[in-house]
Amino acid sequence: METLEIKIQVPKEISKNIPDISKYTYEKFVLGLYLDGEISIGKAAKMLNIPLVKFIEFLGKNNIPYFRSRPEDIQKELEKLSGL
């Protein structure tokens, strides 16, 4: 996958409370893409290099319900998973 490097600046006092600000920022970026419907749950897990089950746990840790999809979206995900 081709990548793009992005540079951001944050106040130092914020970064003091977050041990790995780069990882934190990337995780929140991927989460935002998923919530906005820009990427699927499978793509989000792949971008974070974690299994789908771990991404579902990540959603829970961020107080985001897994079952927020329409029934037809859930059916597509189940069909993908059954092919594994």
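Re the pattern of salt bridges
A full pass over the atoms with the stated rule returns two salt bridges. Note that Glu27 is salt-bridged to Lys23, the shortest N-O span being 3.9 Å. Here Lys23 and Glu27 lie together in helix α2 (residues 21-35), a separation of four residues that amounts to about one turn. Between Glu57 and Lys54 there is a salt bridge, with its nearest N and O atoms 3.6 Å apart. With Glu57 and Lys54 both in helix α4 (residues 52-61) and three residues apart, the pair spans about one turn of that helix. Judged by relative accessible area, which is 45%, Lys54 ranks as partly exposed.

Focus on the packing of aromatic side chains
Considering all chains together, one arrives at three aromatic pairs under this definition. Ring plane angle 35 degrees and centroid distance 6.4 Å describe the contact between Tyr26 and Phe29, whose orientation is recorded as tilted. In this pair, Tyr26 and Phe29 both sit in helix α2, three residues apart, roughly one turn of the helix.

Notes on the nonpolar core
Ranked by internal contacts, the top residues of the largest apolar core, which has 14 residues, are Tyr34, Phe55 and Leu59. Broken down by secondary-structure element, the contributors of at least two residues to this core are α2, α3 (41-47) and α4. If we ignore the near neighbours within four places in the chain, the residues touching Phe55 are Leu31, Tyr34, Ile41, Ala44, Ala45, Leu48 and Ile50.

Details of the confidence of the model for the protein
In the predicted model, the protein carries a mean pLDDT of 88, and 95% of its residues have values of at least 70. The weakest mean pLDDT in the protein belongs to helix α5 (residues 71-82) at 81; the strongest belongs to α3 at 95.

Topic: α4
Helical geometry: 3.6 residues make up each α-helical turn, so side chains three or four residues apart lie on a common side. The set of residues buried in α4 consists of Leu52, Phe55, Phe58 and Leu59. End-on, the buried residues of α4 take up no more than an arc of 105 degrees, which puts them together on one face. Along α4, exposed side chains directed more than 90 degrees from the buried face belong to Val53 and Lys61. The inward-facing, buried residues of α4 contact α2, α3 and α5. Within two residues after α4, Asn63 carries a phi angle of roughly 55 degrees, on the positive side.

Conventions adopted
Residues numbered from 1 in each chain as written. Predicted model: local features only at pLDDT ≥ 70, side-chain atom pairs only at ≥ 80, totals over all residues. Heavy atoms only, no water. Salt bridge = Lys/Arg side-chain N within 4 Å of Asp/Glu carboxyl O. Helix = DSSP H or I, 4+ residues; strand = E, 2+ residues; numbered from the N terminus. Buried < 20%, exposed > 50% of the residue type's maximum accessible area, 1.4 Å probe, protein only. Phe/Tyr/Trp six-rings, centres within 6.5 Å; stacked < 30°, edge-to-face > 60°. Core = buried A, V, L, I, M, F, W, Y, C linked by side-chain atoms within 4.5 Å. Contact = heavy atoms within 4.5 Å. pLDDT = per-residue confidence, 0-100. Arc of directions from axis to C-beta.

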